[in-house]
Amino acid sequence: GAGVSQTPSNKVTEKGKYVELRCDPISGHTALYWYRQSLGQGPEFLIYFQGTGAADDSGLPNDRFFAVRPEGSVSTLKIQRTERGDSAVYLCASSPSGGRINEQFFGPGTRLTVL
Amino acid sequence: EDKVVQSPLSLVVHEGDTVTLNCSYEVTNFRSLLWYKQEKKAPTFLFMLTSSGIEKKSGRLSSILDKKELFSILNITATQTGDSAIYLCAVPNTGNQFYFGTGTSLTVIP
């Protein structure tokens, strides 16, 4: 079956611009996570959705970052007024509910470069 | 502050060698510990450990958790070049916030 997909795979933008990154989770997975991974680092938690609601957004670095999941499936991570320090790979993961909730399946990521 | 620490940061071995990767954690409300392999972009799931002392095994890979000493090890026997990757350790708390280590970069030389 289809795995987690993310679009675009690469995004180059200029400082100050707005970007949207999209994640399509595995069908039926209720939990969805966004992470940011910089070179040489492990993924850094940003936000976690359970269904449509953000169950934990404590990892969002500041109010320039926002994420939505309006119908409990596709999610969009939005970054306003991008800065060079936002450059990283943004990973999305989904997991089923219940006992397998911790088994995250990752998408291929979006590499964001802010010039 | 919750954290996950992996060691070594990088490792270079020859094919056929056995390696042990370490992961220690300090996470409140511990729920489980997971190991992932990251070759390009997407980490792929290897193991989830919830109980101490029970070894999980998959082919040449095995892992065990010690909840008293707060660490886990991942063993790879008879390494192959295809094992070259970054191995990530992650610990979620009961709130499902995942804490990842920086990873161990393994390079297997033919």
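None of these values were measured; they are calculated from a predicted model.

A. The layout of surface pockets, seen in detail. Considering only enclosed or pocket space, the largest pocket measures out at about 340 Å³ in volume. Surrounding the largest pocket, 21 residues form its lining, Gln-37, Ser-38, Leu-39, Gly-40 and Gln-41 of chain A being those nearest its centre. Of all the elements in the fold, those that place two or more residues in the lining of the largest pocket are β9 (88–95) and β11 (110–114) of chain A together with β9 (85–92) and β11 (104–109) of chain B. Residues of the lining of the largest pocket, tallied by class, amount to seven nonpolar, ten polar and four charged.

B. Just the state of the cysteines, in detail. Residues and elements named next belong to chain B. Enumeration over the complete set of coordinates arrives at two disulfides over all chains. Covalent S-S linkage joins Cys-23 and Cys-89, the inter-sulfur distance amounting to 1.9 Å. Here the S-S torsion is close to -65°, and the disulfide linking Cys-23 with Cys-89 is therefore left-handed. Here Cys-89 lies in strand β9 and Cys-23 lies in strand β3 (residues 19–26), a separation of 66 residues in the sequence.

What counts as what
Residues numbered from 1 in each chain as written. Chains lettered and ligands numbered in written order. Predicted model: local features only at pLDDT ≥ 70, side-chain atom pairs only at ≥ 80, totals over all residues. Heavy atoms only, no water. 1 Å grid on protein atoms, 1.4 Å probe; cavity = no way out; pocket = protein on both sides within 12 Å on 5 of 7 lines; lining within 4 Å. Points joined across faces, edges and corners; volume = space filled by probe spheres on them. Helix = DSSP H or I, 4+ residues; strand = E, 2+ residues; numbered from the N terminus. Nonpolar A, V, L, I, M, F, W, Y, C, P; charged D, E, K, R; others polar. Disulfide = S-S within 2.5 Å.

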